[in-house]
Amino acid sequence: MPPPPAGSPVIVADRLAAAYGNRLIWQDASFTVAAGEFVAVLGPNGSGKSTLLRLLLGLLVPAAGSLQVLGKRPHAGNADIGYVPQRRNIDRDLPVRGRDFVHLGIDGSRWGVAVGNTASNNQRVDEAITTVEALAYADRPIGRLSGGEQQRLLLAQALAGRPRMLLLDEPLASLDLRNQVVIAELVAELARASHLTVLLIAHDINPLLPIVDRVLYVAHGGVAIGKPAEVITTEQLSRLYSAPIEVLHDSHGHMFVVGLEAESAHHDA
Amino acid sequence: MPDLSLTAAPYFGWDVVRDLQELFRYPFMQHAFEAGTIVALSAGVIGYFVVLRGLSFAAHALSHIGFAGATGAVVLGATPIVGLLVFTMSAGAVMGALGQRLRGRDVTIGLVMAWSLGLGLLFTYLYQGSAQLAIGILFGQIFGITSQDVAVTFVAGSVTVLLVVAVYRPLLFATLDEEVAEAKGVPVRSLSIAFMVILAVAVSEAVQVVGVLLIFALIVAPAAIAERFTTRPSRGVVLAAILAVLFTWAGLTVAYYIPYPVGFFITSFAFGAYLLARLLSHGLGRRTGQTAAANAA
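Residues numbered from 1 in each chain as written. Chains lettered and ligands numbered in written order. Predicted model: local features only at pLDDT ≥ 70, side-chain atom pairs only at ≥ 80, totals over all residues.

*Asks:* Just to check I follow, could you spell out the overall build of chain A for this structure?
*Replies:* Per the secondary structure count, chain A includes 8 helices and 11 strands. Against the compact-globule benchmark of 18 Å for 269 residues, chain A has a radius of gyration of 19 Å, which places it among compact chains. In terms of principal-axis extent, the alpha carbons of chain A reach across some 55 × 40 × 35 Å. Per-residue burial over chain A gives 44% buried out of 269 residues. Relative to all contacts within chain A whose residues are 6 or more apart in sequence, the contacts with residues 24 or more apart total 68%. (Helix = DSSP H or I, 4+ residues; strand = E, 2+ residues; numbered from the N terminus. Rg over C-alpha atoms; globule rule 2.2 N^0.38 Å. Buried ≥ 20, exposed ≤ 12 C-beta atoms within 10 Å, placed from the backbone. Contact = placed C-beta atoms within 7 Å.)

*Asks:* Any chance you could explain the sheet that holds strand β9 (residues 222–226) of chain A here in plain terms?
*Replies:* Hydrogen bonding along the main chain pairs the strands of a sheet, whether they run parallel or antiparallel. Residues and elements named next belong to chain A. Pairing within the open sheet is mixed, and its 6 strands lie in the order β5-β6-β7-β3-β8-β9. Of all strands in the sheet, those with a lone pairing partner are β5 (81–84) and β9, marking the two edges. Within the sheet, the average angular offset between the axes of one strand and its neighbour, ignoring direction, is 15°. Pairing geometry for strand β3 (residues 38–42) and strand β8 (residues 214–219), over 4 bridges, is parallel. Residue pairing for β8: Leu42 is matched across the bridge by Tyr217. Relative to β5, helix α4 (residues 147–160) is tilted by about 160°, and along the sheet it contacts β5 and β6 (165–169). (Pairing = 2+ DSSP bridges. Axes fitted to C-alpha atoms, helices over the stretch in contact; angles between N-to-C directions.)

*Asks:* Is there a simple way to explain the sheet that holds strand β4 (residues 64–69) of chain A in this structure?
*Replies:* Residue and element names in this part refer to chain A. Spatial strand order, β2-β1-β4: 3 strands in an open sheet with antiparallel pairing. Whereas interior strands pair on both sides, the edge strands pair on one side only; in this sheet they are β2 (23–34) and β4. Sheet twist, expressed as the average angle between the axes of neighbouring strands with direction ignored, equals 20°. As paired strands, strand β1 (residues 9–20) and β2 are joined by 8 bridges and run antiparallel to one another. Looking at β2, one finds that Ala19 is bridged to Leu24. The strands touched by helix α1 (residues 49–57) are β1, β2 and β4; relative to β1, the strand with the most contacts, the crossing angle is about 120°.

*Asks:* Is there a simple way to explain the confidence of the model for chain A in this structure?
*Replies:* Should the pLDDT be low somewhere, the predicted coordinates at that spot are not to be read in detail. All names here are of chain A. Summary statistics for chain A give a mean pLDDT of 88 and a share of 93% for residues scoring 70 or more. Within the model, pLDDT remains below 50 along residues 1–5, and this stretch shows 9 contacts once partners closer than five positions in the same chain are excluded. Across residues 265–269 the pLDDT falls below 50, and counting only partners more than four positions away or on other chains, this stretch makes 5 contacts in the model. (pLDDT = per-residue confidence, 0-100.)

*Asks:* Would you mind going over the environment of A:Pro228 with me for this structure?
*Replies:* Residues and elements named next belong to chain A. Residue placement: Pro228 occurs in helix α6 (residues 228–231). Along the backbone, Pro228 and Glu127 are 101 residues apart, and their C-alpha atoms lie at a distance of 33 Å. Non-local contacts of Pro228, meaning those with residues more than four positions away in its chain, are made with Leu209, Val212 and Val215.

*Asks:* Teacher, can you tell me more about the pairing of β3(A) here?
*Replies:* For a regular strand, the rule is simple: side chains alternate between the two faces of the sheet. All names here are of chain A. Along β3, 5 of the 5 residues are buried, which leaves the element largely enclosed by surrounding structure. Here β3 shows no split at all, with Phe38, Ala40 and Leu42 on one side and Val39 and Val41 on the other all buried. Note that β3 and strand β7 (residues 197–201) share 4 bridges and pair parallel. Opposite Ala40, over in β7, you have Leu200 as the bridge partner.

*Asks:* I tried to follow the interface of chain A and chain B on my own but got confused; where do I start?
*Replies:* As a measure of interface size, the accessible area lost when the parts come together is often cited. On the chain B side, the residues contacting the 22 residues of chain A number 24 residues. Per element, the largest residue contribution to the side of chain A that touches chain B is 4 residues, and it comes from helix α2 (residues 98–107) of chain A. Among the residues making up the side of chain A that touches chain B, the classes are represented as 13 nonpolar, 4 polar and 5 charged. (Nonpolar A, V, L, I, M, F, W, Y, C, P; charged D, E, K, R; others polar.)

*Asks:* Would you mind going over unusual backbone geometry with me for this structure?
*Replies:* Residue and element names in this part refer to chain A. Unusually for a residue other than glycine, Arg15 sits at a positive phi of about 45°. In this structure, His220 takes a positive phi of about 50° despite not being glycine. Along the polypeptide, His220 turns up in the loop between β8 and β9.

*Asks:* Is there a simple way to explain α1(A) in this structure?
*Replies:* The periodicity of an α-helix, 3.6 residues per turn, causes residues three or four positions apart to be oriented the same way. Residues and elements named next belong to chain A. Along α1, 8 of the 9 residues are buried, which leaves the element largely enclosed by surrounding structure. When α1 is considered as a whole, its buried residues turn out to be Lys49, Ser50, Leu52, Leu53, Arg54, Leu55, Leu56 and Leu57. Once α1 ends, the next one or two residues include Gly58, with phi positive near 80°.

*Asks:* Just checking my understanding: could you explain α4(A) for this structure?
*Replies:* Residues and elements named next belong to chain A. Over its 14 residues, α4 extends 20 Å from the first C-alpha to the last, a length consistent with the 20 Å expected when each residue adds 1.5 Å. Within α4, 11 of the 14 residues are buried, which leaves the element mostly enclosed by the surrounding structure. Where α4 is buried, its residues touch β5, α2, α3 (118–131), β6 and α5 (177–194). At the exit of α4 stands Arg162, carrying a positive phi of roughly 50°. (Expected span 1.5 Å × (residues − 1).)

Right under this line is the structure:
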């Protein structure tokens, strides 16, 4: 397990609360995330994991408390944050190449049509696609690609904007086990190479156990953060999910969590 | 349509120059081509986004709502285009504000559409004029276009195309990936409203050429065909515009020589091309599908 990096804090939450209208989602959350940290965000369905990302993106205003992201108050359009939202299925017949999706990550929010520096932008798109090893199918319609291939290209879209922080909402959902491990390791590798801070929402902690620095739990109207060894215990998890969950240790000292799969069979909104 | 029996009946030969001279001999024909081209250009460009955003049925409904507006304006003594614009733009703004929630609301949209036609029927009855007016709005009256109409159409058409160009990238972003676009600071809701209002103007223009009922031929068909042949959005927009212009030119030309309604010919070209495109791209799709399977193996 890699040691937690001692970078400067890039996320500082102080007695933060999230609410949609009058409906309080969670409150009294105080935590910091350091630059370059890889944090897995876990919690039962509907506990407010995506809500946390919406706060960090500046799409939702804190109901109480304060939040600083990369030294500023969160605001939409922050070019330093790469975001991959939770996916519904992309229409199979969508007549758009994966490459065009990636390109939007660079200049999609600019007005007008692309004029001038198109060559350098195309090069950036190529770089991002190469980084996620998706060059072989980037020119095919994105709807026709497999879930893992789509996920790589959407990751490339987030990377094309050259962010300092990645917010990934269930990038491993609907992937088979092999692809879960592959994508998780790819994200970890990219994060190390570019010193990116990563918050990754997941349902199944197992593919992430070898790579995460810390785990952030959103459950029972609150938020808790800690190192995997502290948080991932049978007692803690069973309490957080209000369901019987067991943490097993094999002869090599590897952990394995049992019981979460059933709990997380339905994806939350 | 002017009475052509007074002059020699036009005939089509193999002398292209003579044919073109013949085709543009009358001002009504020149105006039809001028207005038709502008309308087709803007319909094709905006149509690409209509299809990509899954708003074909909404666009269709918008034109029907326009029918109530156009006939209502006539009852009040105004020109049809004013009522057309007011009704389609208002309805467009409401649809745009609903945004994604509009998807899958076929029943609601259909009911509003039917009621709008009913309302138009009432206005036509109240107007006590000839049914010619209603027929013109329902099926278009491209051969009745004056030079003043052409000027108005030119301004409206240019504005819609320029507006789409101005919002092109964020509109594409919001269309393909609304959540990321929103996080990146794209004003998705305002764009959705703006798009539907631009569409309303394009629909109102297109009503002159193909009428309320045949709007699919100019807005949806060219884009639907283009999307079968290119996976690049920029090419799709251009291809849709070119196809819309071609259908219009072909329809006008044939209608000049064969005295059947131009709306029939334009929709026939659109439908024929769509069928052809389906057949061709089905073959293409099977082949790429096979290569994909081969790559995966």
